[in-house]
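Each chain is listed here by its residues.
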Amino acid sequence: MQANVPALYKHCAWPMLSSRHLVQLLNDCARGDSQALARLYRATAPQLFAIALRIVRRRDSAEDVLQESFVNIWNHAREYREDKGAPLAWMTTIVRHRCIDSLRRLQHENLADDNIDEEQWPDPDPTPLEQLVRHREGVLLRQCLEGLQAKQRDSIVLAYYHGLTHEQLARHMNCPLGTIKSWVRRGLEALKGCLER
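Residues numbered from 1 in each chain as written. Predicted model: local features only at pLDDT ≥ 70, side-chain atom pairs only at ≥ 80, totals over all residues. Heavy atoms only, no water.

**Student:** How should the overall build of the protein be read in this particular structure?
**Tutor:** Counting its regular elements, the protein contains 8 helices and 0 strands. Written out in order from the N terminus, the α and β elements of the protein read α-α-α-α-α-α-α-α. Pairs at least 24 residues apart make up 66% of the contacts formed inside the protein by residues separated by at least 6 positions. With an accessible surface of roughly 12200 Å², the protein has 50% of that area assigned to carbon and sulfur atoms. (Helix = DSSP H or I, 4+ residues; strand = E, 2+ residues; numbered from the N terminus. Contact = heavy atoms within 4.5 Å. Areas by Shrake-Rupley, 256 points an atom, 1.4 Å probe, with all protein chains shown as cover.)

Written out as structure tokens, the structure is:
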């Protein structure tokens, strides 16, 4: 059965569903329920589109990425395992992979258009030194995040890695907006202090 992904980026502000609801929708998609795909799309597309746009930096490319990602989510929903991670994190990984594919495809098209030998372009992959620096930075960031209070850490991860707004965080975490803003602000201050040590 083909995935019937809703028309692209005509989103309203839909409330973010809990992880439990997202898991259920993915399970329903795995059983071929196209209505579940539509509900999953409405619930997560704004956040996933924001992530795609941040990576590819072009609205048309981000829309293509989102479309391809939801087809991929539909086709691979049965492979999702709740014990391996949160459903939104799993979908975000699919979007990121599609973004990388899109950037490589665009670079390849540009190379073909300019008739430039591909070896003349810089390698998009990080050098071994860059990988080492990123790894060290990643380890430090992970350690600093682990030192935060759970609510601060969750707020920052959902806001910066999953693209949720403060309002969406408040709904998702079932907390007042002011509390969410305070958790994010204080968490970022503590994170900055930890990283600067």
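**Student:** Help me understand the state of the cysteines, please; the structure alone is not making it clear to me.
**Tutor:** Note on terminology: disulfide describes a covalent bond linking the sulfur atoms of two cysteines. Going through the model one piece at a time under the given rule, you end up with 1 disulfide. Two residues, Cys-144 and Cys-194, share a disulfide whose sulfurs are 2.0 Å apart. Where Cys-144 bonds to Cys-194 through sulfur, the torsion about that S-S bond is close to -75 degrees, and the disulfide is left-handed. Placement of the pair is Cys-144 in helix 5 (residues 128-146) and Cys-194 in helix 8 (residues 177-196), with a sequence separation of 50 residues. When sorted by exposure, Cys-144 lands in the same class as Cys-194, which is buried. (Disulfide = S-S within 2.5 Å. Buried < 20%, exposed > 50% of the residue type's maximum accessible area, 1.4 Å probe, protein only.)

**Student:** I'm lost on the nonpolar core in this one. Help?
**Tutor:** As a rule of thumb, soluble globular proteins bury nonpolar side chains together. If you look at the biggest cluster of nonpolar residues, it comprises 41 residues, and the most contacted ones within it are Leu-40, Leu-48, Phe-70, Ile-73, Leu-169 and Ile-180. For this core, the elements supplying multiple residues, two or more each, are helix 1 (19-30), helix 2 (34-56), helix 3 (59-76), helix 4 (87-114), helix 6 (150-160), helix 7 (166-173) and helix 8. The element that contributes the greatest number of residues to this core is helix 2, accounting for 11 residues. If near-sequence neighbours (up to four positions away) are discounted, Leu-40 is found in contact with Leu-22, Leu-25, Leu-26, Cys-29, Ala-45, Phe-70, Ile-73 and Met-91. With 6 residues, the next largest nonpolar core counts Cys-144, Leu-148, Ile-156 and Cys-194 among its residues. (Core = buried A, V, L, I, M, F, W, Y, C linked by side-chain atoms within 4.5 Å.)

**Student:** Would you mind showing me how to read the confidence of the model for the protein here?
**Tutor:** Reading fine detail from the predicted coordinates is not recommended where pLDDT is low. Chain-level statistics for the protein give a pLDDT mean of 79 and a share of 77% at 70 or above. No element of the protein has a lower mean pLDDT than helix 5, at 69, and none a higher one than helix 3, at 93. (pLDDT = per-residue confidence, 0-100.)

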